[in-house]
Amino acid sequence: EDLYSNGKLSFKPDAITYVTCMNAYAFSKYKDDIEEAEKLLDEMNELYLDGDDSMKPSFRSIKILTEAWIRAGAMDRAEQFLEKYDEILYESHSDDDNEIGSNELGEVYQAL
């Protein structure tokens, strides 16, 4: 988003671009990379809160980052992260489209 705003990119990144980059960072074994993934998700959430509905963080993105923190041995970070995105998790769970099932939501919290 910053590169687009500064005129260094001719296209505006969409949710797929963000999620692709976030996933690459999240599957690293380095905590610094996981922090970068979290920054990308936070940026997506800010865009969503500013009115861009296409940027709403998905359950799967939240799950991937939670699992990344757990793999890195940072259970406290995983818990803090889940608390930060708790509302979106439950919104996703209760949506009519039901992006996630009860078992998946339980799995995220059981991992802690």
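Residues numbered from 1 in each chain as written. Predicted model: local features only at pLDDT ≥ 70, side-chain atom pairs only at ≥ 80, totals over all residues. Heavy atoms only, no water.

**Thoughts on the overall build of the protein chain**
Line of reasoning, step 1. Regarding its fold elements, the protein chain presents seven helices and zero strands.
Line of reasoning, step 2. Mapped in sequence order, the helices and strands of the protein chain form the string α-α-α-α-α-α-α.
Line of reasoning, step 3. A sequence separation of at least 24 residues applies to 57% of the contacts in the protein chain between residues at least 6 apart.
Line of reasoning, step 4. Carbon and sulfur atoms provide 47% of the accessible area of the protein chain, an area that totals close to 6,800 Å². (Helix = DSSP H or I, 4+ residues; strand = E, 2+ residues; numbered from the N terminus. Contact = heavy atoms within 4.5 Å. Areas by Shrake-Rupley, 256 points an atom, 1.4 Å probe, with all protein chains shown as cover.)

**Considering the nonpolar core**
Line of reasoning, step 1. Grouped together as the largest cluster of nonpolar side chains are 24 residues, with contacts concentrated most on Leu41, Ile62, Leu65 and Phe81.
Line of reasoning, step 2. When contributions to this core are tallied by element, the ones reaching two or more residues are α2 (15-26), α3 (31-49), α4 (59-71), α5 (75-84) and α6 (86-94).
Line of reasoning, step 3. No other element matches α3, which puts seven residues into this core.
Line of reasoning, step 4. With near-sequence residues (within four places) excluded, Leu41 lies in contact with Met22, Pro57, Ser61, Ile62, Leu65, Phe81 and Tyr85. (Core = buried A, V, L, I, M, F, W, Y, C linked by side-chain atoms within 4.5 Å. Buried < 20%, exposed > 50% of the residue type's maximum accessible area, 1.4 Å probe, protein only.)

**Topic: the environment of Glu43**
Line of reasoning, step 1. Its place among the elements puts Glu43 in helix α3.
Line of reasoning, step 2. The spatial distance from the C-alpha of Glu43 to the C-alpha of Pro57 is 9.7 Å, given a sequence separation of 14 residues.

**As for α4**
Along an α-helix, residues three or four positions apart point the same way, because every turn accommodates 3.6 residues.
Line of reasoning, step 1. The end-to-end C-alpha distance of α4 is 18 Å, a good match for the 18 Å that 13 residues give at a rise of 1.5 Å each.
Line of reasoning, step 2. For α4, the full list of buried residues reads Phe59, Ser61, Ile62, Lys63, Ile64, Leu65, Thr66, Ala68 and Trp69.
Line of reasoning, step 3. Two residues or fewer after α4 comes Gly73, characterised by a positive phi angle close to 80°. (Expected span 1.5 Å × (residues − 1).)

**Some points on α3**
Line of reasoning, step 1. Taking 1.5 Å of rise per residue, 19 residues should cover 27 Å, and α3 covers 27 Å from first to last C-alpha, within 8% of that figure.
Line of reasoning, step 2. Residue Gly51 follows α3 closely and has a positive phi angle near 115°.

**What to know about the packing of aromatic side chains**
The relation between two aromatic rings is expressed through the spacing of the ring centres and the mutual angle of the planes.
Line of reasoning, step 1. All told, the structure shown has one aromatic pair when counted by the stated rule.
Line of reasoning, step 2. For the ring pair Phe81 and Tyr85, a centre distance of 5.1 Å and an interplane angle of 45° mean the geometry is tilted.
Line of reasoning, step 3. A relative accessible area of 0% means that Phe81 is categorised as buried. (Phe/Tyr/Trp six-rings, centres within 6.5 Å; stacked < 30°, edge-to-face > 60°.)

**Things to note about the packing of α3 against α4**
Line of reasoning, step 1. It is at 10 Å that the axes of α3 and α4 come closest, and there the two elements cross at 160°. Relative to α4, α3 is oriented roughly antiparallel. Here α3 and α4 pass one another in a crossing that is left-handed. Touching Lys31, Ile34, Glu35, Ala37, Glu38 and Leu41 of α3 are Ser61, Ile62, Leu65, Ala68 and Trp69, all from α4.
Line of reasoning, step 2. In the contact of α3 with α4, the residues fall into seven nonpolar, one polar and three charged. (Axes fitted to C-alpha atoms, helices over the stretch in contact; angles between N-to-C directions. Parallel < 35°, antiparallel > 145°, perpendicular 65-115°, else oblique. Left-handed = near helix turned anticlockwise from the far one by under 90°. Nonpolar A, V, L, I, M, F, W, Y, C, P; charged D, E, K, R; others polar.)

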